[in-house]
Amino acid sequence: MRFLSFQGNMAQPQSGPWGSPYTHDATGGSPLILYDKTLRSVVLSPLDNFMVHNQIVSNAFSSDSKSNELLAGLQGMVQHIPAGFTHSTLLYAGRGVTRTVKQWGEVLLRKYNKRPTPPFADVGIQYLGYYTDNGGFYWYNTEKGKNYERTMADVATYINDIGLPVQYYQLDSWWYYKGVNDGLKLWEPMPSVFPNGMEAVSGSFGFKPLILHNRYFSTNNDYEGQFTFINEGDFALPIDQKLFEYIMGKARQWGLHVYEQDWLITTYLNMRATQNNVTNANNWLLAMGNAARAQGLTIQYCMPLPIHLMASVQIQAVTHARASDDYKTTAGNHQWQVAYTSLFHWAVGLVPFKDDFWSSSGNQSGCAYSWGCYEPNPEMQTLVAALTSGPVSPSDGIGHLNSTRLMQTCRQDGLLLKADKPATPLESLWASQFATMSNTHLEQIWESETRIGEFAWHYLFSANLSSAYTVHSTEFADDTSNNQSFLAYDYYRQTVAYFDERHPLVLPKGLQDKATRVFPFTYHTIAPVLANGWTFLGERNKFITVSKQRVMEVNVVSAGKQDSSDNYLSVTVSGVPGELLELSFVGPTSSGTPRISVVKCAIESITATATVTCVSGNNVCTCVA
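Predicted model only: the values in this text are computed from it and were never measured.

## Focus on the overall build of the protein
And step 1. What the protein contains, in helices and strands, is 12 helices and 33 strands.
And step 2. On C-alpha atoms alone, the protein measures out to a radius of gyration of 25 Å, which is about the 25 Å that the 2.2 N^0.38 rule sets for 625 residues.
And step 3. Buried residues in the protein amount to 60% of all 625 residues.
And step 4. In the protein, of all internal contacts separated by at least 6 residues, the share reaching a separation of at least 24 is 69%.
And step 5. Carbon and sulfur atoms make up 49% of the accessible area of the protein, which amounts to about 23,100 Å² in all.
And step 6. If you average the places of the 43 positive and of the 52 negative side-chain charges in the protein, the two averages end up 2 Å apart.

What follows is the structure, encoded as structure tokens:
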């Protein structure tokens with residue numbers, strides 16, 4: 001039997017054979033997934049009181065097997081349980097690890113009447129943006145001889161000049177006042193940073209929406225005496241909804257759309273009050289969430305523990321959360337490997353956030369990082385961001401944003417093209433790496449999908465594989481009893497190959513080159529061969545080749561033999577008026593190598609749509625705008 005769980009900052013995965021050591025305390029161990037070789041799976045977690053739940057193995061697999069009991073309940077630090085208080089634990093069983101974890105999360109979401117975050121939930125999820133987070137070029141770093149106000153204005157001018165459709169800006173912790181222990185003192189811009197105030201900076205951005213960062217509160221914050229806090233040492237726990245309504249309401253006037261609450265782990269672990277009382281930590285999160293909802297805002301969680309992610313099922317305003325450590329360009333940084341944690345996020349209805357990244361490989365001189373100013377894997381970083389279905393947030397310095405690369409993620413207006421779910425580990429991977437999966441060895445083969453009507457397109461990503469891996473078409477068939485056929489489209493080679501029970505897809509071995517720091521990777525669209533023999537591969541220059549943000553309808557007519565002119569395929573797409581799309585199709589073929597036909601199609605100005613019709617017989621596709 002194997003286990004999968006999550007622990008520590010950003011809820012990173014931990015895995016191994018059941019009986020091996022793992023983190024099981026306030027920082028991790030819940031949810032706990034146990035599964036066997038046939039992928040019979042169970043998930044154990046709290047059903048409520050997430051912030052004070054703990055589940056541990058007594059004596060941590062000691063030599064006395066009788067003492068190795070799995071215990072679930074309240075944390076041992078809890079000092080008082082009020083009369084009438086109840087605590088519930090959930091045990092959910094199913095078949096397939098990915099499937100069971102998703103179904104477990106659906107139980108939690110139903111209990112708290114929260115729907116999964118939709119792709120249009122907030123501007124940070126819906127559109128291309130620009131970040132100044134840790135790892136970004138302008139994190140505590142300005143242009144030489146300029147303050148932040150002038151630097152941010154120059155960034156916006158540069159982005160406009162290159163025509164990149166950035167629709168929001170994120171401002172990290174460098175703009176507001178800090179108190180003792182570097183905690184928040186006042187959530188307002190310092191004059192040394194923005195001499196003319198936040199309004200002037202917002203104006204330089206064209207008054208586009210803002211995502212604004214906040215951190216843990218210091219005990220010498222300027223809100224003490226006006227609002228309710230629990231103070232311990234240098235940390236203050238804000239449990240007053242009116243406080244959050246006040247600071248959020250003020251920031252809305254600057255253009256705030258998404259409130260980013262960072263350092264969640266720091267607040268929680270550095271205070272006894274969050275752990276020895278059954279309601280304090282939950283009241284903190286509810287005060288924040290209820291205030292955001294009252295102000296018409298959404299929340300991004302950063303530096304969450306697993307308990308924060310589970311607790312988010314109670315809080316409608318929380319839409320997305322960080323799924324990775326901070327972005328760095330260092331050789332040993334694998335923070336792009338987000339699929340396992342993304343499974344957790346997806347299950348509890350959150351969109352995972354990979355963090356910011358650099359989109360170009362050139363040396364970005366003037367950066368403030370000791371590890372250097374060069375990103376060896378910009379294409380993979382951009383692709384991974386798109387596959388999360390979360391924010392796509394480049395953070396390059398002026399002169400270094402790669403527009404061509406970034407435009408593979410979005411429409412001409414910056415609307416992100418998304419799959420229906422974040423990329424998660426391929427289901428068969430749980431069984432194939434049953435004997436080897438561990439914290440230090442998690443194979444990176446991910447799958448996502450888009451459904452348009454009755455048809456599904458899948459996206460298959462692999463990287464840094466220790467050995468070749470064979471993928472079978474039954475992995476993607478809606479009914480494994482039929483012999484559904486697909487074409488596998490290699491995005492980078494722009495070639496297609498048959499993919500069915502007789503033609504599996506082999507993903508090559510390839511580990512990071514230590515000298516260049518480059519990760520080898522592959523990326524395929526798995527497209528269904530439709531009933532009349534046609535295959536729609538989608539947009540050939542977009543990572544998510546078929547998305548609901550682009551494709552409105554796929555209509556298949558089968559009136560006879562595959563080569564009959566009465567058979568046709570029509571695809572209706574939407575976009576920005578005048579936007580030129582390149583759509584790829586493969587016509588019916590009974591033998592030989594499938595041939596890709598590319599149709600260039602402009603979006604019509606009045607309806608903002610276009611339709612491509614492909615007719616069998618001569619296998620010709622035409623665009624009607």
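## A short note on helix H9 (residues 339–347)
And step 1. Most of H9 sits out of view: nine of its nine residues are buried.
And step 2. Looking at H9, one finds that the buried residues are Ala339, Tyr340, Thr341, Ser342, Leu343, Phe344, His345, Trp346 and Ala347.
And step 3. Gly349 sits one or two positions beyond H9 and adopts a positive phi of about 85°.

## With respect to the state of the cysteines
And step 1. Evaluated as defined, the whole model comprises three disulfides.
And step 2. Here Cys367 is linked by a disulfide to Cys373, with a sulfur-sulfur distance of 2.0 Å. Every disulfide takes its handedness from the sign of the S-S torsion; for Cys367 and Cys373 that torsion is -80°, giving left-handed.
And step 3. Covalent S-S linkage joins Cys601 and Cys623, the inter-sulfur distance amounting to 1.8 Å. On the sign convention where negative is left-handed, the bridge of Cys601 and Cys623, at about 60° about the S-S bond, is right-handed. In this pair, Cys601 sits in strand E31 (residues 596–602) while Cys623 sits in strand E33 (residues 620–624), placing the two residues 22 residues apart along the sequence.
And step 4. Assessed through its relative accessible area of 1%, Cys601 is described here as buried.
And step 5. For Cys623, a relative accessible area of 28% corresponds to the partly exposed category.
And step 6. Ordering the disulfide-forming cysteines of the protein by sequence position, one finds them joined as 1-2, 3-6, 4-5.

## Concerning the sheet that holds strand E2 (residues 12–17)
And step 1. An order of E2-E1-E3-E4-E7 is seen for the five strands of this open sheet, with the pairing classed as antiparallel. The strands lining the two open edges of the sheet, one partner per strand, are E2 and strand E7 (89–95). Averaged over all pairs of adjacent strands, the angle between their axes in this sheet comes to 20°, without regard to strand direction.
And step 2. Pairing analysis gives six bridges linking strand E1 (residues 2–7) to E2, with the strands arranged antiparallel. The residue of E2 that forms the bridge with Phe6 is Pro13.

## Notes on the packing of aromatic side chains
Each aromatic ring pair is described using two quantities: the centre-to-centre distance and the angle formed by the ring planes.
And step 1. Within the structure shown, the criterion is met by 47 aromatic pairs.
And step 2. Ring centres of Tyr216 and Phe235 lie 5.2 Å apart, and the angle between their planes is 45°; on these two criteria the pair is classed as tilted. Linking Tyr216 in the loop between strand E11 (210–214) and strand E12 (217–218) with Phe235 in strand E14 (residues 235–238), this pair joins segments that are 19 residues apart in sequence.
And step 3. For Phe235, a relative accessible area of 8% translates into the label buried.
And step 4. Geometrically, the ring pair formed by Trp336 and Phe461 is edge-to-face, given 6.4 Å between the ring centres and 80° between the ring planes. A residue pair is termed long-range when its members are at least 10 positions apart, and Trp336 in the loop between strand E17 (318–322) and H9 and Phe461 in strand E21 (residues 455–463) qualify at 125 residues. When sorted by exposure, Trp336 lands in the same class as Phe461, which is buried.
And step 5. Aromatic ring contacts, followed pair by pair, group Trp336, Trp446, Phe461, Tyr491, Tyr492, Phe519, Phe521, Tyr523 and Phe543 into a single cluster.
And step 6. Cation over ring: Arg2 sits above Phe434, and NZ or CZ is 5.7 Å from the ring centre.
And step 7. Above the plane of the ring of Trp346 lies Lys102, whose end atom (NZ or CZ) is 5.0 Å from the centre.

## Examining helix H7 (residues 280–294)
And step 1. For H7, with 15 residues, the first-to-last C-alpha span of 21 Å sits near the 21 Å given by 1.5 Å per residue.
And step 2. Along H7, the residues classified as buried are Asn280, Ala281, Asn282, Trp284, Leu285, Ala287, Met288, Gly289, Ala291 and Ala292.
And step 3. Positive phi shows up at Gly296, right after H7, with a value of about 75°.

## Quick look at the packing of helix H5 (residues 241–252) against H7
And step 1. Following both chains from N to C, one finds H5 and H7 inclined at 40°, their axes separated by 8 Å at the closest point. What the angle tells us is that H5 and H7 run oblique. In the crossing of H5 with H7, the sense of the turn from one axis to the other is right-handed. In this structure, H5 uses Gln241, Phe244, Glu245 and Met248 to contact H7, whose residues at the interface are Trp284, Ala287, Met288, Asn290, Ala291, Ala292 and Ala294.
And step 2. Partitioning the contact of H5 with H7 into residue classes produces eight nonpolar, two polar and one charged.

## Digging into the pattern of salt bridges
And step 1. Within this structure, the stated rule accounts for 20 salt bridges.
And step 2. The salt bridge involving Asp420 is made with Lys548; its shortest N-O contact spans 2.7 Å. Remark: Lys548 occurs in the loop between strand E27 (535–539) and strand E28 (551–557) and Asp420 occurs in the loop between helix H11 (403–406) and strand E19 (424–425); sequence separation between them is 128 residues.
And step 3. By relative accessible area, which is 36% here, Asp420 ends up partly exposed.
And step 4. Between Glu539 and Arg550 there is a salt bridge, and its shortest N-O distance comes to 2.8 Å. Here Arg550 lies in the loop between E27 and E28 and Glu539 lies in strand E27, a separation of 11 residues in the sequence.

About the cut-offs
Residues numbered from 1 in each chain as written. Predicted model: local features only at pLDDT ≥ 70, side-chain atom pairs only at ≥ 80, totals over all residues. Heavy atoms only, no water. Helix = DSSP H or I, 4+ residues; strand = E, 2+ residues; numbered from the N terminus. Rg over C-alpha atoms; globule rule 2.2 N^0.38 Å. Buried < 20%, exposed > 50% of the residue type's maximum accessible area, 1.4 Å probe, protein only. Contact = heavy atoms within 4.5 Å. Areas by Shrake-Rupley, 256 points an atom, 1.4 Å probe, with all protein chains shown as cover. Lys, Arg positive; Asp, Glu negative; His and termini not counted. Charge placed at Lys NZ, Arg CZ, Asp CG, Glu CD. Disulfide = S-S within 2.5 Å. Pairing = 2+ DSSP bridges. Axes fitted to C-alpha atoms, helices over the stretch in contact; angles between N-to-C directions. Phe/Tyr/Trp six-rings, centres within 6.5 Å; stacked < 30°, edge-to-face > 60°. Lys NZ or Arg CZ within 6 Å of the ring centre and 35° of its normal. Expected span 1.5 Å × (residues − 1). Parallel < 35°, antiparallel > 145°, perpendicular 65-115°, else oblique. Left-handed = near helix turned anticlockwise from the far one by under 90°. Nonpolar A, V, L, I, M, F, W, Y, C, P; charged D, E, K, R; others polar. Salt bridge = Lys/Arg side-chain N within 4 Å of Asp/Glu carboxyl O.

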